[in-house]
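One letter stands for each residue in the lines below.
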Amino acid sequence: KETHSLLKEDVFRRVVECFHKAGRICFYGVGTSMTTAMKAADKFLKIEPKVYCSPDSHMQAMVASMMKKEDVAVLFSYSGATKDTIHVAEVAKKAGAKIICVTRFVKSPLTSYADLVLLCGANEGPLQGGSTSAEISQLFLIDLMYSEYYRRYFDVCSKNNEKTSASVLEKLC
């Protein structure tokens, strides 16, 4: 409920539009936020071939350095103060990419690089790094973005979803 109440419709609409116009969509995070970034990449890769995600912070910085103005960097960080994630935002911004941050705090070192910010709810104490409630709030936002993107661009997304589903069909028991 808290994440939903923090959602700004105009910002959310612009995020979905950015995804559609992007040459590449790169998802970034560290620690628990990395698993969230990987979940986002997994969902979107089923419907969009321009999705990337690397779990290594050095590789993230390298990918960010090669981004272009038509690319979108989506950075997950509950605190907005994770050094590696801030570094990736700085490098991607310098390269010209559009920066989208998913975080708890509107004013943080990470959001100073952001073009768009999606706020997630759920309070987490300093010793609770990676709390389930914080992760669920980020996953909720991913689900909303995915559902809205699929709805808006249904024809292309449904064809891509059929292709990706068929590609792993033989792997099922």
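Procedures and definitions
- The numbering scheme is per chain: residues are counted from 1 as the chain's sequence reads.
- Local features in this predicted model are restricted to residues of pLDDT 70 or higher, and side-chain atom pairs are both shown and tallied only at a pLDDT of 80 or more, whereas totals for entire chains, interfaces and linings draw on every residue.
- Note that water and hydrogens are dropped before the side-chain values are worked out from all heavy atoms of the structure.
- When DSSP finds two or more bridges between a pair of strands, those strands are recorded as paired.
- In DSSP terms, a helix is any run of H or I states spanning at least four residues, a strand is any run of E spanning at least two, and both are numbered starting from the N terminus.
- For every element, the axis is a line fit to its C-alpha atoms; helices are fit only across the contacting stretch, and the angle between N-to-C directions ranges from 0 to 180 degrees.
- Contact criterion: two residues are considered in contact whenever any of their non-hydrogen atoms come within 4.5 Å of each other.
- By nonpolar core we mean a set of buried residues, namely Ala, Val, Leu, Ile, Met, Phe, Trp, Tyr and Cys, connected to one another through side-chain atoms within 4.5 Å.
- When accessible area is computed with a 1.4 Å probe and restricted to protein chains, residues below 20% of their type maximum are described as buried, those above 50% as exposed, and intermediate ones as partly exposed.

A. Looking closely at the sheet that holds strand β3 (residues 72-76). Across the sheet, five strands lie side by side as β2-β1-β3-β4-β5; this open sheet has parallel pairing. Strands at the two margins of the open sheet, each flanked by one partner only, are β2 (51-53) and β5 (116-119). When the angles between neighbouring strand axes are averaged without regard to direction, this sheet yields 20°. Alignment of strand β4 (residues 98-103) against β5, held across four bridges, turns out to be parallel. From the neighbouring strand, threonine 103 faces β5, where its bridge partner is leucine 119. Packed on one face of the sheet, helix α3 (residues 32-45) meets β1 (25-28), β2 and β3 and runs near 155° to β2. Strands β3, β4 and β5 of the sheet are contacted by helix α6 (residues 132-152), whose axis makes an angle of about 120° with β5.

B. Region of interest: the nonpolar core. In terms of nonpolar packing, the biggest core is built from 34 residues, with Phe19, Phe27, Phe44 and Val74 touching the most fellow members. Put simply, the parts of the chain that give this core at least two residues each are α2 (9-21), β1, α3, β3, β4, β5 and α6. A per-element tally of this core places α6 first, with seven residues. With residues up to four places along the chain from it excluded, the contact list for phenylalanine 19 reads Ile25, Phe27, Phe44, Lys50, Val72, Val74, Ile100, Met145 and Tyr149. Leu75, Ile86, Val91 and Leu110 belong to the second largest nonpolar core, which has 15 residues in total.

C. Highlighting the environment of arginine 104. Within the fold, arginine 104 resides in the loop between β4 and β5. On the basis of relative accessibility, which here comes to 14%, the residue arginine 104 falls in the buried class.

In short, the description is geometric, and any link to function would need to be established separately.
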